[in-house]
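Chain and residue survey
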Amino acid sequence: MKPAPLAYRRAESVEHAVALLGEHGDDVRVLAGGQSLMPLLNMRRLTPSMLLDITRVPGLDRVDGPEVGALVTQFALGEQPGLDDAIGECLPYTGHYATRHRGTIGGSIAFGEPRGELPLVLLTLGGTASVRSVGGEREIAAEDLYTGAYTTTVKTDELLVSTRWPQARPGEGRAFTELAQRHGDFTLACACAAVTVDRGEIVEARIGVGAVADRPLLVDGAARALIGTPAAGAGAQDAIAAAADATTRGIDAYDDHHASARYRRHLAGALVADAARRALDRARRA
Amino acid sequence: MIDPPIPIEFTINGRRHGDHVPARLLLSDFLRHRLGLTGTHVGCEHGVCGACTVRVDGRPARACLMLAIQADGADVQTVEGLAAANGGELTELQQALHEHHGLQCGFCTPGILIAATDLLERRPDPSRAEIEQLLGGHICRCTGYVPIVEAIEQAAARRTERAR
């Protein structure tokens, strides 16, 4: 199908974009890479009266340490030297080779796809998003970003301009993993783990799962199962098993034609075990 | 409220072209219906099948997930431009697909050619896993993919050999 009739504006700068959003906000969709938005326009699931194309706004395509400009593509971020382990592991699952060349990091975060890999990683790493409006700029913690499927706390007059992905500290290891029916398809479930080890003990842990609810979730029970346990040996194995169990028991998940809720819960637990094990391995070496 | 056709100018397979397009016109429809470049195939029209993959400013892009107006000022390459840029001869990859029977009905082929051409330019010696991941974004219902993987591997090997 084809998009419904719409007006098109090309933003020349961030200021220009937020001015247009301030004026027309309610019925505008921001067009970045378009890899999630365009399918919905083609299927007429969305019929905004105006598209605001920000792809030519200068300055939003830079990576500066943990700060990633909204227009940095998924492919370009994947090419960054010294990329974080969890981000590096999640990007190859984010769409397909061709879509990663256009799909943007800012778009992935702002779109709020509940099965999206990048929103889960941003949440698990404790990242933030910077949004700007005519009134100024503010930062939103990933934990406060999603209110449901495809809905965020970014207001209609605000533009997401960058995201911040905190770098691993000494003793911290991270990992991401997922299962999809075909590589690059929407995931059945995905998991991300960040574990910090100090003097042979797990002192901090964040465990997140995606595609099991209307937004990515932090599983506090899984993190608690890890914290305070030995970083190696049988104690660590038991803690990882307990974290997986806490995940399976701690989430609701849902049925669809790809998988039952019961299977998704099982899968989320198994993926958490895998991510936690690899994050812990890295933490011991970090 | 709705904008009238907007002027655009861009390069298509090395040729300059100017036109007027309504904002909502997809690049895939523009290429096929206005320019007659029917080598760009339209399968699913929501970015899943990969048949409409073209290159825009040297990067692969689903033509069904782009508006024609977004190509304004860009350099667009379609499957027709591959042999055209190779003196009218099939490229090594096209030749390899032919030799390995990497196509039957040919519907998926243009998208695979563009994406794999791009991959080989960035990764002259891709691993089998990288090739398989690339093909995850292109649905082929004839070949079972194995001959396509082999053709891409052969094209990569021939290139590497030639570069020596």
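The written sequence of each chain sets the order in which its residues are numbered from 1. Starting at A for chains and at 1 for ligands, labels are handed out in the order in which the entities are written. Confidence filtering applies because this is a predicted model: local features only for residues at pLDDT of at least 70, side-chain atom pairs given and counted only at 80 or more, and all residues used for totals across whole chains, interfaces and linings.

Overview of the overall build of chain B
Threshold: Secondary structure elements are taken from DSSP: a helix is a run of H or I of four residues or more, a strand is a run of E of two residues or more, and numbering for both begins at the N terminus. As a reference, a globule follows 2.2 Å times the number of residues to the power 0.38, and the radius of gyration itself is taken over C-alpha atoms. Note on burial: count the other C-beta atoms lying within 10 Å of the residue's C-beta; 20 or more is buried, 12 or fewer is exposed, in between is partly exposed, and C-beta positions come from the backbone. We call two residues in contact whenever the C-beta atoms placed from their backbones are within 7 Å.
Secondary structure assignment for chain B yields 6 helices and 5 strands. Taken from the N to the C terminus, the helices and strands of chain B come in the order β-β-α-β-β-β-α-α-α-α-α. Whereas a compact globule of 164 residues would reach a radius of gyration of roughly 15 Å, chain B reaches 16 Å, a difference of no more than 12%. Looking at chain B residue by residue over its 164 residues, the buried ones come to 47%. Restricting the contact set of chain B to residue pairs at least 6 apart, pairs at least 24 apart contribute 59%.

Some details on the overall build of chain A
In terms of regular secondary structure, chain A is built from 10 helices and 14 strands. In terms of C-alpha radius of gyration, chain A reaches 19 Å, essentially the compact-globule figure of 19 Å for 286 residues.

Points about the domain arrangement of chain B
Residues and elements named next belong to chain B. Test applied: What counts as a domain boundary in this text is fixed by an automatic or database domain assignment. When residues are grouped by polarity, Ala, Val, Leu, Ile, Met, Phe, Trp, Tyr, Cys and Pro land in nonpolar, Asp, Glu, Lys and Arg in charged, and all others, Gly among them, in polar.
Taken domain by domain, chain B comprises domain 1 (6–78) and domain 2 (88–163). Taken residue by residue, the interface counts 12 residues in domain 1 and 10 residues in domain 2. Element by element, the count of residues in the side of domain 1 that touches domain 2 is highest for strand 3 (residues 53–56), at 3 residues. Residues that form the side of domain 1 that touches domain 2 fall into these classes: 5 nonpolar, 6 polar and 1 charged.

A look at the sheet that holds strand 3 of chain B
Residues and elements named next belong to chain B. This is how the line gets drawn: Strand pairing follows a simple DSSP-based rule, namely that at least 2 bridges must link the two strands. Inter-axis angles, ranging from 0 to 180 degrees, are taken between N-to-C directions of lines fitted to C-alpha atoms, where helices are fitted over the stretch in contact.
In space, the 5 strands of this open sheet follow the order 2-1-5-3-4, with mixed pairing throughout. A single partner strand is all that each edge strand has here, and the edge strands are strand 2 (15–21) and strand 4 (59–62). The sheet shows a mean angle of 40° between the axes of neighbouring strands, taken without regard to direction.

Here's the deal with the nonpolar core
Applied cut-off: The term nonpolar core means buried Ala, Val, Leu, Ile, Met, Phe, Trp, Tyr and Cys residues held together as one set by C-beta atoms within 7 Å.
One finds L52(A), A193(A), V195(A), A243(A), V272(A) and A276(A) to be the most contacted residues of the largest nonpolar core, which totals 144 residues. With near-sequence residues (within four places) excluded, L52(A) lies in contact with R9(A), A11(A), A17(A), L20(A), L21(A), V28(A), V30(A) and L31(A).

Overview of the sheet that holds strand 1 (residues 7–10) of chain A
Residue and element names in this part refer to chain A. Taken together, the 3 strands give an open sheet; going across it, the order is 1-3-2, and neighbouring strands pair in parallel fashion. Each end of this open sheet is capped by a strand with a single partner; those strands are strand 1 and strand 2 (28–31). Direction aside, neighbouring strands of the sheet carry axes that sit 25° apart on average. Note that strand 1 and strand 3 (residues 50–53) share 4 bridges and pair parallel. The residue of strand 3 that forms the bridge with A7 is M50. In the packing of helix 1 (residues 14–24) onto the sheet, the strands contacted are strand 1, strand 2 and strand 3, and the crossing angle to strand 3 comes to about 165°.

So, the domain arrangement of chain A
Each assigned domain of chain A is listed with its residue range as follows: domain 1 (1–54) and domain 2 (172–285). With centres defined by C-alpha atoms, the gap from domain 1 of chain A to domain 2 of chain A works out at 36 Å.

Regarding the interface of chain B and chain A
Contacts between the two partners involve 26 residues from chain B, matched on the other side by 27 residues from chain A. Of all the elements in the fold, those that place two or more residues in the side of chain B that touches chain A are strand 4, helix 4 (109–122) and helix 5 (128–135) of chain B. Sort the elements by how many residues they give to the side of chain B that touches chain A and strand 4 of chain B lands first, with 4 residues. Here the side of chain B that touches chain A is built from residues that sort into 13 nonpolar, 8 polar and 5 charged.

A word on the pairing of strand 7 (residues 136–141) of chain A
Residue and element names in this part refer to chain A. Sheet topology places strand 6 (residues 128–133) next to strand 7; 6 bridges connect them, and they run antiparallel. Each residue of the ladder has a partner; that of V131, found in strand 7, is R138. Counted along the chain from strand 6 to the antiparallel partner strand 7, the turn is 2 residues long.

What about helix 1 (residues 27–34) of chain B?
All names here are of chain B. All buried positions along helix 1 are accounted for by L27, S28, D29, F30 and L31. Those residues of helix 1 that are buried lie in contact with strand 2. G36, located one to two residues past helix 1, shows a positive phi value of around 70°.

A short note on the pairing of strand 6 of chain A
Bridge count for strand 6 of chain A against strand 10 (residues 159–164) of chain A is 5 bridges, and the pairing is antiparallel. Pairing of R132(A) across the sheet is with L159(A), part of strand 10 of chain A.

Let's talk about the packing of helix 9 (residues 233–250) of chain A against helix 10 (residues 261–285) of chain A
All names here are of chain A. To be explicit about the condition: Crossing chirality is assigned from the near helix's rotation relative to the far helix, an anticlockwise turn below a right angle marking it left-handed and a clockwise turn marking it right-handed.
At their nearest, the axes of helix 9 and helix 10 sit 8 Å apart, and the two run at 145° to each other. In this structure, helix 9 meets helix 10 at a crossing whose hand is right-handed. Contacts from A236, I240, A241, A243, A244, D245, T247 and T248 in helix 9 reach R265, H266, A268, G269, A270, V272, A273, A276, R277 and L280 in helix 10. Classifying every residue of the contact of helix 9 with helix 10 gives 11 nonpolar, 4 polar and 3 charged.

Side note on the environment of A155(B)
Residue and element names in this part refer to chain B. In this structure, A155 sits in helix 6 (residues 146–163). Looking at A155, the number of C-beta atoms within 10 Å reads 22, which means it is buried. Taking the C-alpha atoms as reference points, A155 and L93, 62 residues apart in sequence, are found 5.1 Å from one another. Residue contacts for A155: discarding those within four places in its chain leaves E92, L93, A96 and L120.

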